[in-house]
Amino acid sequence: DLLTARNRQVKGETEARRQARLERVEAQYPQAAAALSKMLLGPAASLLKGKRLVFVADGALQYIPFSALPEPLRGKTANPNRATTTANQAPLVPLVIGHEVVSLPSASTLAVLRRETNGREVAPKVVAVLADPVFDPHDPRVVRSAQSSVSGTQRQEQNTGGTRGPEEKEPASLSASLVEDRLTRSASEVGLDRSGELQFPRLAFSRREAQAIVAAAPSGKGMIALDFKASLQTATDPELAHYRIVHFATHGLLNSEHPELSGLVLSLVDQQGRPQDGFLQLKDIYSWNLPADLVVLSACETGLGKEIKGEGLMGLTRG
């Protein structure tokens, strides 16, 4: 709760009250993190130095971001009788600073990964990033794209009397055609417009994220797919198998009861604003041939799923 406090919208909360709430959270977090680290990692504290840490958690522990927990030895500096830290206390150092931290849903997953990667050739290119998709037919990028072809469209409508073909549905039918039977149950956090259509806000800063990642790759070894190119077609293109790292920066949808309905949201309209399938679902991922070393899901709720006894969480990350 402390980690996600900034993402929480409290109904009727003023900006002053929000700032006060966040200040309390900032003060409480070091104590809570240190206590949890000591509880979970304290017994093995002397064995952790210089090691890769692989966590196969159970139950509620599967929701803990172990990378963010402080080193257990450092955590002892926090005073358990106080809710705040003082200037003379050592800062809490997250595990990820000194360790490679890996979380697995089950030990059997590790066996499968080792079997599938044994002897596999390394992909020739480094990183492919899909980011800043177009979700809304009223997005300015659609308008700009439409303007570039408006003359040809006008001529065509004059020749046909301005009528629409049966395949040219209005963009407003998006949720009915693509979401109703697949992701409605998992879309509780997504906004709705007056007509009841799903509204995914643009993730403009994911563009900077993508550009920074590709800029760090060797020349000619990175691929960036933005705007309309951040699509389901790009995500399922066999070309993606040529990259060691595949990075998605977009919205995620969770369905804990039916994890197969969970997925990532890519561009939902084409350059003319026409609706298109942009949902990369778990069932699609399981049928994927994507021999990447690392897939990054920079999206909300991707670490959640349905707990299956003996197998851990079933969700996007499992796929």
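Every value quoted in this text rests on a predicted model; they were computed, and no experiment measured them.

### What to know about the overall build of the chain
Step number 1: Along its length, the chain carries 10 helices and 13 strands.
Step number 2: Residues classed as buried in the chain amount to 35% of the 319 residues present.
Step number 3: Once local pairs closer than 6 in sequence are excluded, the contacts in the chain between residues at least 24 apart make up 71%.
Step number 4: Carbon and sulfur atoms make up 53% of the accessible area of the chain, which amounts to about 19300 Å² in all.

### Some thoughts on the pattern of salt bridges
Side chains bearing opposite charge may pair, as long as their charged atoms lie close to each other.
Step number 1: Applying the stated criterion across every chain, the model contains 15 salt bridges.
Step number 2: Here R6 makes a salt bridge to E26, at a shortest N to O gap of 3.2 Å. Taken together, the residues span a long stretch of sequence, with R6 in the segment before α1 (15–41) and E26 in helix α1 at a distance of 20 residues.
Step number 3: Relative accessible area serves as the criterion here: at 47%, R6 is assigned to the partly exposed category.
Step number 4: On the basis of relative accessibility, which here comes to 47%, the residue E26 falls in the partly exposed class.
Step number 5: D132 is paired through a salt bridge with R202; the nearest N and O atoms lie 2.8 Å apart. Note that D132 is positioned in strand β3 (residues 125–133) and R202 in the loop between β5 (198–199) and α8 (205–215), a separation of 70 residues in sequence.
Step number 6: Residue classification places D132 among the buried residues on the basis of a relative accessible area of 0%.
Step number 7: The class for R202 is partly exposed, based on a relative accessible area of 38%.

### Quick notes on the pairing of strand β1 (residues 53–56)
Step number 1: Alternating positions in β1 separate cleanly, L53 and F55 being buried on one face and V54 and V56 remaining unburied on the opposite face.
Step number 2: Here β1 pairs with strand β2 (residues 101–104) via four bridges, running parallel. Across the sheet, residue L53 finds its bridge partner in β2, namely V101.

### As for the sheet that holds β3
Step number 1: Overall, parallel pairing links the four strands, which are arranged β6-β3-β7-β11 in an open sheet. The sheet terminates laterally at β6 (222–227) and β11 (294–298), the two strands that pair on one side only. In this sheet, neighbouring strand axes are inclined to one another by 10° on average, regardless of whether the strands run parallel or antiparallel.
Step number 2: As paired elements, β3 and strand β7 (residues 243–249) share six bridges and run parallel to each other. From the neighbouring strand, V129 faces β7, where its bridge partner is H247.

### Observations regarding the nonpolar core
The tendency in soluble globular proteins is for nonpolar side chains to be buried as a group.
Step number 1: Of all hydrophobic cores here, the largest spans 20 residues; its most connected members are L130, L240, F248 and L280.
Step number 2: The set of elements that each furnish at least two residues to this core consists of β3, β6, α9 (232–235), β7 and α10 (282–286).
Step number 3: Dropping the residues within four chain positions of it, L280 is found in contact with L232, A235, T236, F248, S262, G263, L264, L266, I285 and W288.

### Focus on the side chain of S37
Step number 1: Residue placement: S37 occurs in helix α1.
Step number 2: Overall, S37 belongs to the buried group, its relative accessible area being 0%.
Step number 3: Residue contacts for S37: discarding those within four places in its chain leaves G42, L69, P70, E71 and P72.

### Section: the environment of L36
Step number 1: Position of L36 among the secondary structure elements: in helix α1.
Step number 2: The exposure class assigned to L36 is partly exposed, which follows from its relative accessible area of 25%.
Step number 3: Those residues within four positions of L36 in sequence are excluded, and the remaining contacts are I64 and L69.

### A look at the packing of aromatic side chains
By convention here, two paired aromatic rings are described through the distance between centres and the angle between planes.
Step number 1: A complete count under the given rule lists four aromatic pairs for this structure.
Step number 2: One aromatic cluster is present, formed by F135, F200 and F279 through successive ring pairs.

### With respect to the sheet that holds strand β8 (residues 251–253)
Step number 1: An order of β8-β9-β10 is seen for the three strands of this open sheet, with the pairing classed as antiparallel. Every other strand in the sheet has two partners, leaving β8 and β10 (279–281) as the edge strands with one partner each. On average, each strand axis in the sheet is tilted by 25° relative to the strand beside it, whichever way the strands run.
Step number 2: Pairing between β8 and strand β9 (residues 263–265): three bridges, direction antiparallel.

### Observations concerning α1
Step number 1: With 27 residues, α1 extends 37 Å from end C-alpha to end C-alpha; this agrees with the ideal 39 Å at 1.5 Å per step.
Step number 2: Where α1 is concerned, the buried positions are R21, L22, V25, P30, A33, A34, S37 and L41.

### Some details on the confidence of the model for the chain
Step number 1: Looking at the chain as a whole, its pLDDT mean stands at 77, while 74% of the residues score no less than 70.
Step number 2: Long-range and interchain partners of residues 74–88, a stretch whose pLDDT sits below 50, account for 18 contacts in this model, where long-range means more than four residues apart.
Step number 3: Low confidence marks residues 155–189, where pLDDT is under 50. Its contacts with residues over four positions away, or in another chain, come to 44 contacts.

Reading guide: rules and limits
Residues numbered from 1 in each chain as written. Predicted model: local features only at pLDDT ≥ 70, side-chain atom pairs only at ≥ 80, totals over all residues. Heavy atoms only, no water. Helix = DSSP H or I, 4+ residues; strand = E, 2+ residues; numbered from the N terminus. Buried < 20%, exposed > 50% of the residue type's maximum accessible area, 1.4 Å probe, protein only. Contact = heavy atoms within 4.5 Å. Areas by Shrake-Rupley, 256 points an atom, 1.4 Å probe, with all protein chains shown as cover. Salt bridge = Lys/Arg side-chain N within 4 Å of Asp/Glu carboxyl O. Pairing = 2+ DSSP bridges. Axes fitted to C-alpha atoms, helices over the stretch in contact; angles between N-to-C directions. Core = buried A, V, L, I, M, F, W, Y, C linked by side-chain atoms within 4.5 Å. Phe/Tyr/Trp six-rings, centres within 6.5 Å; stacked < 30°, edge-to-face > 60°. Expected span 1.5 Å × (residues − 1). pLDDT = per-residue confidence, 0-100.

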